[in-house]
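Structure at a glance
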Amino acid sequence: MLAGKKILLIIGGGVAAYKSLLLIRDLQKQGAFVRCVLTPAGAEFVTPLSVGGLSGDRVYQELFDLTAEAEMGHIELSRSADLLVVAPTTADLMAKMANGLANDLASTLLLATDTPVMIAPSMNVRMWEHPATQKNLKTLKSRGVLTVGPDEGDMACGEYGYGRMAEPEVIADAIGDHFEFAASAETTLGTPQGLRGKRIVVTSGPTHEPIDPVRYIANRSSGKQGHAIAGALVAEGAEVILISGPTRLDAPSGCTLRAVETAEEMLSETLNALPADAVVCAAAVADYRVEAVAENKLKKDDENDARTLSLVENPDILKTISQLPNGRPELVIGFAAETEKVIDHASAKRARKGCDWIVANDVSTGTGTFGGDDNQVTLVRDAGNESWPKMSKDDVARRLATKISEALKP
Ligand code: C5P
C-alpha cells in the first residue's frame, strides 16, 4: 500500500525519537518516499545527520530557512505529501495542533495543510492522562486526525502507564491501513464514483441543548444513519462535510468533520459549509432549547418540587436551507422519523419545509431504528415514492448515495 506514497515525518522531542529512525527505514522498505522535519526538541534526541542519512534527503528544521524556502516553500512541503506523520508527538505538539499555533516549522506545516495527519503520541503517563492533553486529543480526533498508540508500559522516566510511543512497525501498519482504507473509499468495488467534484453537506446525530452547565436535553439518535450516508458519499467521490452532534462514532475516513452540540451551532456550521451541491439533513435536531441557560448548576428546590423549564423553538436547519433565497443547494434532502401514517406525514413535511426529497422511516416502538443497525425507509419525492425493503443503514446509505449521484448528473 505504501509504494510511491509521499510521507512527511515530523520528529518531535521525545526519548522515542530513536524509534522514528527505524520507522523511516520501515516505510522506505515498503516503497514510500520519506521526507523529514526535525523539531528543535527532536534534535536533542536524534541528530539531523542520522535522520538525513536514513531518509537520503535534506532534513527540514527551521521555519525561516532561506535556502530551503528557495528550494521548496514550507507550505509546499506539507501540501505535497500524501500523509503527515508526527512521531513522536509530544504533549506540546498536540497542544499546538489543537489550538492552531504556528510558531515553528512543524506547527506551521501542520496548520497550513489539509493533507491527512497521523499522530503517534509519546509522553509521560501523567502528561498523557492530564485533562488538557485528553481535551486536545478529543479536539484533534474530532477534526479527523488519525492516532496510533500510545502503548502501556515502563517509561524512560521510571513510571509505568500509557504514554509509550507505538512501535515503528505498528505505526507503519497504521499508515498502510490508512492508505488501504482511502483507496477502498475511492474505488469501492462497483462504485461508479458519480459524485466526483460534488460537495455535499450532511448533518448527523442528536443535538444537546444545555439546561445548565451539567445538564442538557437530548434524544436517542445514534448518528449511525447520517454517518453511514457521509461515508457512502465519500465512496462515491464527493467532498463531504459532516456536521455532527455528539455521538460515539468516528467520522468516516475522508470526510471533514465539524463537531457541534446545539441546533444553533449546527445551523451556523451548515450555513458556513455552503455553497454545496447537496445537503442531507439526517440529524435529529432538538425542536426546542431552554430559553435561559442557567449559569450555575440548578439546585434541587425542596420548597417547590415542580420545576418548569421555559423552552423556545430552535431554528429549522432543513427548512432554512430549503428556502434560502440565494445559493440554495441543487438538492436538499430531509429525514422524517414518524410513528404512524409515515408516508402521509412525510409528504406533508416535504411540502412544509420545501426540501426536494424526504427519506421517511418508521421509528415506532419495536422497529429498533433508533440506535439499531437496520432501517426501512421510503424515499418521498416528485418522481414518486419508493419503499425500500428493510436493510442495513450502510445499504440505505449506499442506495441513497447512488440516487443522489443520479440526480446531480450534469
Ligand atoms: O420536523 P421534523 O423534526 O420531523 O423534521 C425532520 C427533518 O428536519 C430531518 O431531516 C431533520 O434533520 C430536519 N430538522 C432540522 N432542523 C430542525 C428540526 C429538524 O434540520 N430544527
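Throughout, a residue's number is its position along its own chain's written sequence, starting from 1. Confidence filtering applies because this is a predicted model: local features only for residues at pLDDT of at least 70, side-chain atom pairs given and counted only at 80 or more, and all residues used for totals across whole chains, interfaces and linings.

Moving on to the sheet that holds strand S13 (residues 256–259). By the convention used here, strands pair only if DSSP detects at least 2 bridges between them. A run of H or I in DSSP counts as a helix once it spans at least four residues, and a run of E counts as a strand once it spans at least two, with each numbered from the N terminus. Here we have eight strands laid out as an open sheet, ordered S13-S12-S9-S14-S17-S18-S20-S21, and mixed in their pairing. Bordering the open sheet on either side are S13 and strand S21 (386–387), each of which pairs with just one other strand. Pairing analysis gives four bridges linking strand S18 (residues 357–362) to strand S20 (residues 377–380), with the strands arranged antiparallel. Note that in S20 the partner of Asn361 across the bridge is Val377. The strands touched by helix H11 (residues 263–273) are strand S9 (199–204), strand S12 (239–244), S13 and strand S14 (278–281); relative to S12, the strand with the most contacts, the crossing angle is about 170 degrees. Residues are defined as contacting one another if the C-beta atoms placed from their backbone atoms lie within 7 Å. Helix axes are fitted only over the stretch in contact, all axes being lines through C-alpha atoms; the angle between N-to-C directions runs from 0 to 180 degrees. On the sheet, helix H13 (residues 342–353) packs against strand S17 (331–338), S18 and S20 and is oriented at approximately 140 degrees with respect to S17.

What follows is about the domain arrangement of the protein. All domain edges in this entry derive from an automatic or database-based domain assignment. Structurally, the protein comprises domain 1 (6–184) and domain 2 (193–407). Spacing between the C-alpha centres of domain 1 and domain 2 amounts to 36 Å. Under this grouping Gly is polar, as are all residues other than the nonpolar Ala, Val, Leu, Ile, Met, Phe, Trp, Tyr, Cys and Pro and the charged Asp, Glu, Lys and Arg. Tallied by class, residues from the side of domain 1 that touches domain 2 come to two nonpolar, two polar and one charged.

Another aspect to go through is the environment of Ala230. If you trace the backbone, Ala230 turns up in helix H10 (residues 224–235). Exposure criterion: with C-beta atoms placed from backbone coordinates, a residue whose C-beta has 20 or more other C-beta atoms within 10 Å is buried, one with 12 or fewer is exposed, and one in between is partly exposed. Judged by the 33 C-beta atoms lying within 10 Å of it, Ala230 is buried. Along the backbone, Ala230 and Ser204 are 26 residues apart, and their C-alpha atoms lie at a distance of 8.9 Å. Residues in contact with Ala230, not counting those within four places in the same chain, are Val202, Ser204, Val240, Leu242, Pro252 and Cys255.

Taken together, the six strands give an open sheet; going across it, the order is S3-S2-S1-S4-S5-S6, and neighbouring strands pair in parallel fashion. Edge positions in the sheet fall to strand S3 (59–60) and strand S6 (146–147), since each of these pairs with one other strand and no more. Alignment of strand S1 (residues 6–11) against strand S2 (residues 33–38), held across six bridges, turns out to be parallel. Residue pairing for S2: Lys6 is matched across the bridge by Phe33. Sheet strands in contact with helix H2 (residues 48–55) are S1, S2 and S3, and its direction is about 170 degrees off that of S2.

Bringing the environment of Ala283 into the picture now. Along the chain, Ala283 falls in the loop between S14 and strand S15 (288–290). Given 28 C-beta atoms within a 10 Å radius, Ala283 is considered buried. Spatially, the C-alpha atom of Ala283 lies 9.7 Å from that of His227, the residues being 56 residues apart in sequence. Apart from the residues lying within four places of it in its own chain, the contact partners of Ala283 are Thr203, Ser204, Gly205, Thr207, Gly226, Gly245 and Met266.

A few words on unusual backbone geometry. In this chain, Ala87 is followed by Pro88 through a cis amide linkage whose omega measures -5 degrees. Note the cis peptide between Leu274 and Pro275, where omega equals 5 degrees. Mapped onto the secondary structure, Pro275 falls in the loop between H11 and S14. We note that Lys341 has phi near 40 degrees; this positive angle belongs to a residue other than glycine. With respect to the helices and strands, the residue Lys341 is situated in the loop between S17 and H13.

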